[in-house]
Amino acid sequence: MSYNLNISPGSTIGIIGGGQLGKMMATAASQLGYKTHIFTNNINSPAAQVSNKVTVANYNNHEKLVSFASSVDVATIEFENIDSNIIDIILQKTQVYPNKKTLSIAQNRIKEKTHMQQLGIKVADFVTINNYENLIYHANILGYPLILKTATLGYDGKGQYFIKNQSNLKQLSSLNWNQEYILEKFINIYKEISSIIVTGVNNTSEFFPIAENYHINGILDKSIVPAKIHQDIYKQAQMITLKIAQSLNIIGILTVEFFITYQQKLLVNEIAPRPHNSGHWSLNACNISQFEQLINAICGLPLKPIKLLFPCTMQNILGQDIYNHNNYIKMPNYHLTIYGKEEAHDNRKMGHINIMDY
Ligand code: ADP
Ligand code: MG
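In this text, all values refer to a predicted model and were calculated from it rather than measured experimentally.

Draft legend 1. A look at the UniProt feature "domain: ATP-grasp" (unreviewed entry) in the protein. In this numbering, the UniProt entry assigns the feature "domain: ATP-grasp" (unreviewed entry) to residues 113-299. Helix makes up 26% of residues 113-299 and strand 33%, whereas the separation of the span's terminal C-alpha atoms amounts to 30 Å.

Draft legend 2. Broad picture of the coordination of the magnesium ion (ligand 2). Note on the magnesium ion (ligand 2): its protein donors are Glu257 (OE), Glu257 (OE) and Glu270 (OE). The metal-donor distances range over 2.0 to 2.7 Å. Here glutamate 270 lies in strand 15 (residues 266-272) and glutamate 257 lies in strand 14 (residues 252-261), a separation of 13 residues in the sequence. Judged by its relative accessible area of 13%, glutamate 257 falls in the buried class.

Draft legend 3. Here's a closer look at the pattern of salt bridges. By the definition in use, this model includes 8 salt bridges. Among the ionic pairs, glutamate 270 bridges to arginine 109, the shortest N-O distance being 3.2 Å. Note that glutamate 270 is positioned in strand 15 and arginine 109 in helix 5 (residues 109-118), a separation of 161 residues in sequence. Lysine 222 is the partner of aspartate 221 in a salt bridge, and the nearest nitrogen-oxygen pair spans 4.0 Å. Its relative accessible area of 18% is what places aspartate 221 among the buried residues. The class for lysine 222 is partly exposed, based on a relative accessible area of 27%. Members of the salt-bridge network, linked through shared partners, are Lys113, Lys149 and Glu184.

Draft legend 4. How the structure looks around the nonpolar core. With 37 residues, the main nonpolar core has Ile13, Phe208, Trp281 and Cys299 as its most contacted residues. Contributions of two or more residues to this core are made by strand 1 (12-16), helix 1 (20-31), strand 10 (189-199), strand 13 (219-225), helix 9 (290-299) and strand 16 (312-318). If we skip the residues at most four places from it in the chain, phenylalanine 208 touches Ile196, Val198, Gln238, Trp281, Ser282, Cys286, Ile288, Ser289, Gln290, Gln293 and Ile306.

Draft legend 5. The arrangement of the site of ligand 1 in detail. In the region of ligand 1, 20 residues are neighbours, and Lys149, Gly157, Ile187, Glu192 and Asn269 sit closest. Between ligand 1 and aspartate 156 there is a distance of 3.0 Å, counted from an oxygen atom to a backbone nitrogen or oxygen. Here a nitrogen atom of ligand 1 sits 2.9 Å away from a polar atom, N or O, in the side chain of glutamate 184. Broken down by secondary-structure element, the contributors of at least two residues to the shell around ligand 1 are strand 7 (146-150), strand 9 (181-185), strand 10, strand 14 and strand 15. Residues of the shell around ligand 1, tallied by class, amount to 6 nonpolar, 6 polar and 8 charged.

Draft legend 6. Quick peek at unusual backbone geometry. Each neighbour pair has its own omega, and for tyrosine 97 with proline 98 the value is 5°, a cis peptide bond. For proline 98, the location among the structural elements is in the loop between strand 5 (95-97) and helix 4 (100-106). The omega torsion of the bond from tyrosine 144 to proline 145 falls at -5°, within 30 degrees of zero and hence cis.

Draft legend 7. Spotlight on the sheet that holds strand 7. Across the sheet, 4 strands lie side by side as 6-9-7-8; this open sheet has antiparallel pairing. Because the sheet does not close on itself, it has two edges, and the strands there are strand 6 (126-129) and strand 8 (160-163). Each adjacent strand pair in this sheet contributes to an overall mean axis angle of 20°, direction not counted. Alignment of strand 6 against strand 9, held across 4 bridges, turns out to be antiparallel. Across the sheet, the residue bridging to threonine 128 is isoleucine 182, located in strand 9. Lying over the sheet, helix 5 contacts strand 6, strand 7, strand 8 and strand 9, oriented at roughly 50° with respect to strand 9. Most of the contacts of helix 6 (residues 132-142) go to strand 6, to which it runs at about 170°, and overall it touches strand 6, strand 7, strand 8 and strand 9.

Cut-offs applied
- Residues numbered from 1 in each chain as written.
- Chains lettered and ligands numbered in written order.
- Predicted model: local features only at pLDDT ≥ 70, side-chain atom pairs only at ≥ 80, totals over all residues.
- Heavy atoms only, no water.
- UniProt positions renumbered as here; feature names shortened; annotations may be inferred.
- Helix = DSSP H or I, 4+ residues; strand = E, 2+ residues; numbered from the N terminus.
- Donors = N, O, S within 2.8 Å, 3.2 Å for Na, K, Ca; no water.
- Buried < 20%, exposed > 50% of the residue type's maximum accessible area, 1.4 Å probe, protein only.
- Salt bridge = Lys/Arg side-chain N within 4 Å of Asp/Glu carboxyl O.
- Core = buried A, V, L, I, M, F, W, Y, C linked by side-chain atoms within 4.5 Å.
- Contact = heavy atoms within 4.5 Å.
- Near = heavy atom within 4 Å.
- Polar contact = N/O pair within 3.5 Å; in protein donor to acceptor, adjacent residues only side chain to side chain.
- Nonpolar A, V, L, I, M, F, W, Y, C, P; charged D, E, K, R; others polar.
- Pairing = 2+ DSSP bridges.
- Axes fitted to C-alpha atoms, helices over the stretch in contact; angles between N-to-C directions.

Structural data, given as C-alpha cells:
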C-alpha cells in the first residue's frame, strides 16, 4: 500500500459511520468536489442522506469493509466506537486516517489516560477497576467524590456514575462487571475547554481557536469561542494538543478536551481523532470549518490558515428541545443545522445553532 496524500477532486472519500459528523464531512467534501461513500449500519443515518454511495452493513462485516475500502481513494472515521482492527482491513485496500494506534487509544479511557501520563501530561488521578471489591478498595484510597466510567463505548456522559461518598457504592454492586471501568477523581472544574488541531501534508498543522464548553448531565450544552481564559493556559493547551498529535502521528484532525482547575492547572480529559461537537461553531464563525480542514488534510491539499471571524456561541439542540429551537431563531444572527435523525430521543443530539456576535 503506497501512501498518496494527493487526492484530487472527483476522487472518493470513504467515511466510516453515518452520524451528523459524517454528514457534515460529506457536505464539506462535496463542496470541494469530492464524492463520498458512507459505511453505516443504518440506511436512514444522517450522512447517508447527503453522500454519493452508502454501504449498509454491520461494522464487523469483513467482506463489505473490503469492498468499501476498494471503492474509495482515502478513508476516515466519524466515530471511534468501532473495532480498531477495522483500520487494518481498510489499509489492505486504501489509506485511512486516523491510524490504528490512535483509534485504539482514543476509544479506551484507560489507554488514553495512560498515554497522557507517558507523555508527562497531567490527567485526573485514576485507577482501573475490574470488579466491585476492587471498586470499594480503590474508592476509599482515592477519596471522594469520584466518577466511575466504562473504559470503552461511553459518550455524551453515558456509562458514567458519580460517586459522592461511600454510601453511593452499594448501588454499583449490580453493574455489569464483565467489562472494565475507570475510576477517576471528580475534579472541581473552573472551566472546560477543547482544542482542535488539524495536521496535513508536510507535517503542517493548524489550530482552531480554543472553545469554552458547558455540559449538562455530561452532555455538551454549548461551546463559546473565543474561550475567555488566561493566555498562558491557552498556549499551554495548544502545546499539549500538538504534543499529543505528534505522539500519535496524526494526519487529519484531533480534538483534546481539557479541564482547567481552580488552581489554573490543565488536565487532559479525553481525545477524539475526528471532528468534535465543540468545534461546530467553525461552520459559521471561521474562515474554514473543521470538516473542510479535515478534507484538506486527508486529501493532501494545503491547510488554510484559520481565522475566527466572529465570536460565537454554539448551542446544541437535543431531542427534548427539537421543537423549541424557535426560541433561538428569534435572533437574527443565527445559523441552524438540523442533522436529520429519524427519531428525537431525550438527550440525543438532533442539531445545533450557531449564534454569532457580529
Ligand atoms: P464523554 O465521552 O461522555 O464526553 P467525558 O469523560 O468527557 O465523557 O465526560 C463528560 C463530561 O462529564 C465532561 O465533559 C465533564 O463535564 C464531566 N466529567 C467527566 N469526568 C470528570 C471528572 N473526572 N471530574 C469532573 N467532571 C467530569
Ligand atoms: Mg467528553
